[in-house]
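# Structure at a glance
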Amino acid sequence: MFDYKKFENDLVAAMEDILKNWAKTYPDLYILSLDCARDMTSVGIMANTQQHLNEECDADDEAYWYYKYCEDEWELFEAGGLMKEISIYMNQFAEENDTRFTDPETFEFTEAFEEHCDQMIDACEQAVQRLRQTIDPDFPKLLLAFNIREYLDAEARAAFFAAVNSKEASEEYAAHIEDFN
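Residues numbered from 1 in each chain as written. Predicted model: local features only at pLDDT ≥ 70, side-chain atom pairs only at ≥ 80, totals over all residues. Heavy atoms only, no water.

## Examining the pairing of strand 1 (residues 29-36)
Applied cut-off: Note on exposure labels: buried denotes an accessible area under 20% of the residue type's maximum, exposed denotes more than 50%, and partly exposed covers the range between, all computed with a 1.4 Å probe on protein chains only. Secondary structure elements follow DSSP: runs of H or I no shorter than four residues count as helices, runs of E no shorter than two count as strands, and numbering proceeds from the N terminus. When DSSP finds at least two bridges between two strands, those strands are taken to pair.
Among the 8 residues in strand 1, 8 count as buried, and that is most of the element. The pairing of strand 1 with strand 2 (residues 43-49) spans 7 bridges and is classified as antiparallel. By the bridge assignment for strand 2, leucine 34 is matched with isoleucine 45. Linking two consecutive strands that pair antiparallel, namely strand 1 and strand 2, is a turn of 6 residues; a positive phi of about 60° is found at methionine 40 within it.

As structure tokens, then:
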């Protein structure tokens, strides 16, 4: 049985630690995202700085929103330390449940996997929401996001973004999501 609460707690601890370390080196961090693999075998943290965004394009450039919000274009990525430990136990659980999670004939995910996936997503979202609560005094303007590449649609991403960020930032994100999703 996967311990979803432990997973959530470990994510919060890892994100807090990574953010504190990055903030020392990169005082212009403006966004941080929890990135989870679709097969639920690994997790990492991505972030971007205003300096890196400015180096990629100007605010009036048509690709600005892509560089601002697309995790693939950001400067910072961390999958080591506690994130690596989390990924190890995520992967181990997936391997132990391979025959339960993947149909051997079609190689598609099963209903059991989709239930596990839903619980993992819930735990990830709870972890990011808890991070928002703990960092607000020190990083009130830091934007937070959650992504599973090629899985979460624009509506789901925008809804979650709105749950953890200001109304103004959420409106901007939603208005430009087609530019980077």
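## Comments concerning unusual backbone geometry
Phi at methionine 40 takes a positive value of approximately 60°, unusual for a residue other than glycine. With respect to the helices and strands, methionine 40 occurs in the loop between strand 1 and strand 2. For methionine 40, a relative accessible area of 1% puts it in the buried group. With a phi angle near 60°, phenylalanine 107 is a residue other than glycine that sits in the positive phi range. Take phenylalanine 107: it is sitting in the loop between helix 5 (98-101) and helix 6 (111-135).

## Thoughts on the sheet that holds strand 4 (residues 143-147)
Basically, it comes down to this: Whenever a helix is involved, its axis is fitted only over the stretch in contact; in every case the axis is a line through C-alpha atoms, and angles between N-to-C directions fall within 0 to 180 degrees.
Judged by pairing direction, the sheet is mixed, and its 4 strands sit side by side in the order 3-2-1-4 without closing on themselves. A single partner strand is all that each edge strand has here, and the edge strands are strand 3 (76-78) and strand 4. The sheet shows a mean angle of 20° between the axes of neighbouring strands, direction not considered. Sheet analysis places strand 1 next to strand 4, joined by 5 bridges and oriented parallel. Across the sheet, residue aspartate 35 finds its bridge partner in strand 4, namely asparagine 147.

## Regarding the packing of helix 1 (residues 4-25) against helix 6
As a reminder of what qualifies: We call two directions roughly parallel when the angle between them is under 35 degrees, roughly antiparallel when it is over 145, roughly perpendicular when it lies between 65 and 115, and oblique otherwise. Should the near helix be turned anticlockwise from the far one by less than a right angle, the crossing is left-handed, and should it be turned clockwise, the crossing is right-handed. A contact between two residues is defined here by any heavy atoms of the two lying within 4.5 Å. Each residue gets one of three labels, nonpolar for Ala, Val, Leu, Ile, Met, Phe, Trp, Tyr, Cys and Pro, charged for Asp, Glu, Lys and Arg, and polar for the others, Gly among them.
For the pair helix 1 and helix 6, interaxial distance at closest approach is 8 Å and the crossing angle is 40°. Between helix 1 and helix 6, the angle is such that the two are oblique. Taken as a pair, helix 1 and helix 6 cross one another with a handedness that is right-handed. Residues Tyr4, Lys5, Phe7, Glu8, Asn9, Leu11, Val12, Met15, Glu16 and Leu19 of helix 1 touch helix 6, and the partners they reach there are His116, Gln119, Met120, Ala123, Cys124, Gln126, Ala127, Val128, Arg130, Leu131, Thr134 and Ile135. In terms of residue class, the contact of helix 1 with helix 6 is built from 13 nonpolar, 5 polar and 4 charged.

None of the figures reported here should be taken as evidence of function without further support.
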